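# Fold and contact review
Listed below are the residues making up each chain.
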Amino acid sequence: LRARDGALRRAQDGSKRGERPSTSLRTALSGIEGRSRTTDRETILRKLSRTAELSREISLERLGSVIHRDEYGVFAPAVPVDMALILDGLDLGPGEVLTDLGSGDSRWLFAAAWRGARGVGYEQSPRIHPIALELEKALAGEGLLTQEERFRITLYHQNALTADLSPSDVIVNYVSPGLSEATAE
């Protein structure tokens, strides 16, 4: 929806400059498809797939399983292919901020940084938060996360409900329904 809305805004701007609305909309929409998205998608999907592998290894070592439940919720990581498709739809880019509530292993933050955006995450589980920190180091060690990308990532060990979300352009809430309802309020 965000990509479509952006295209509509660009089309409206084009019609203000005297372009025919159908031409401006077509041009704006082609911008969504015409960017080097295929390369971006393939690169990001490759990085997300490796991120999932590393997260699995770290989670198994630290927790004994990939999915973990504690008093803070359930840690069940997002699927790389789904993430890549969602990221394409968000049209997230430089200068924007993606905030992840219950950021788990932080893979949404890494994906935001790979797209040139900032990633801000909130994870309150004392068992999951260290996984994100270890995963960030592992990705950097493999050259999949540059120093510049690491500077665009901020991970807080705190409850997302106490956070200031106003700087966020996109909020990811891949968590339990209880937090979803509380966030909506």
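Structure shown above.
The following paragraphs examine the structure supplied in this document. Positions within a chain are numbered from 1, following the residues in the order the chain's sequence is written. In view of the model being predicted, local features appear only for residues whose pLDDT reaches at least 70, and side-chain atom pairs are presented and counted only at 80 or more, with totals across whole chains, interfaces and linings using the full set of residues. With hydrogens and water stripped out, all remaining heavy atoms of the structure feed into the side-chain values.

Looking now at the environment of Ala52. On the secondary structure map, Ala52 appears in helix α3 (residues 37–63). According to the relative accessible area criterion, Ala52 is buried, its value standing at 19%. Sequence separation between Ala52 and Leu135 is 83 residues; the distance between their C-alpha atoms is 9.5 Å. Contacts are assigned to residue pairs that have any heavy atoms within 4.5 Å of one another. Setting aside residues no more than four positions away along its own chain, Ala52 makes contact with Pro80 and Arg107. Secondary structure elements are defined from DSSP: runs of H or I of at least 4 residues count as helices, runs of E of at least 2 residues count as strands, and each element is numbered from the N terminus. For the exposure calls, accessible area comes from a 1.4 Å probe over protein chains only, and a residue counts as buried if that area is under 20% of its type's maximum, exposed if over 50%, partly exposed in between.

Within the largest apolar cluster, 29 residues are counted, with the highest numbers of intra-cluster contacts made by Leu92, Leu98, Trp114 and Leu139. Those elements that place two or more of their residues in this core are α3, α4 (80–90), α5 (107–114), α6 (129–141) and β6 (170–172). When residues of this core are assigned to their parent elements, the largest contribution, 7 residues, is made by α5. Only buried residues count toward a nonpolar core, which is a set of Ala, Val, Leu, Ile, Met, Phe, Trp, Tyr and Cys residues joined through side-chain atoms within 4.5 Å. One finds Val97, Val120, Tyr122 and Ala163 within the second-largest nonpolar core, a separate group that totals 6 residues.

Moving on: the pattern of salt bridges. One side-chain nitrogen of Lys or Arg within 4 Å of one carboxyl oxygen of Asp or Glu is enough to make a salt bridge. Scanning the model with the defined rule gives 7 salt bridges in all. Ionic pairing is found between Arg152 and Glu148, a salt bridge with its closest N-O pair at 3.0 Å. Overall, the relative accessible area of 17% leaves Arg152 in the buried class. What emerges from the salt-bridge pattern is a single network uniting Arg50, Glu53 and Glu142.

Okay, a nonpolar patch on the surface next. A patch consists of residues whose relative accessible area exceeds 30% and which take part in no salt bridge; residues with like charges are grouped when within 9 Å of each other, and nonpolar side chains (Val, Leu, Ile, Met, Phe, Trp, Tyr) when within 5 Å. Note on areas: Shrake-Rupley with a 1.4 Å probe; residue coverage comes only from the protein chains shown. On the surface, a nonpolar cluster with roughly 260 Å² of combined accessible area is contributed by Val79, Val81 and Leu85. By the element assignment, Val79 lies in the loop between β2 (73–75) and α4.

The side chains of a regular strand alternate, residue by residue, between the two faces of the sheet. Where burial is concerned, most of strand β3 (residues 97–101) is hidden: 5 out of the 5 residues are buried. The alternating pattern of β3 places Val97, Thr99 and Leu101 and Leu98 and Asp100 on opposite faces, both of which are buried. Sheet analysis places β3 next to strand β4 (residues 118–122), joined by 5 bridges and oriented parallel. Considered in β4, the bridge of Val97 is made with Arg118. The definition of a right-handed crossover adopted here requires that, viewed with the strands pointing away, the path from the first strand over the helix to the second runs clockwise. Read from β3 through α5 to β4, the crossover connection turns out right-handed. Note: two strands are recorded as paired if DSSP finds a minimum of 2 bridges between them.

Further remarks concern the packing of aromatic side chains. Note on ring pairs: Phe, Tyr and Trp rings are taken, using the six-membered ring of Trp, and paired if centres are within 6.5 Å. Classes follow the plane angle, with under 30 degrees stacked, over 60 edge-to-face and the rest tilted. Scanning the model with the defined rule gives 2 aromatic pairs in all. Summarising the aromatic geometry, the rings of Phe110 and Trp114 are spaced 6.5 Å apart at their centres and angled 40° between planes, so their arrangement reads as tilted. Here Trp114 and Phe110 lie together in helix α5, a separation of 4 residues that amounts to about one turn. The class for Phe110 is buried, based on a relative accessible area of 0%. Ring geometry for Tyr122 against Tyr156: centres 5.1 Å apart, planes inclined by 15°, an arrangement best described as stacked.

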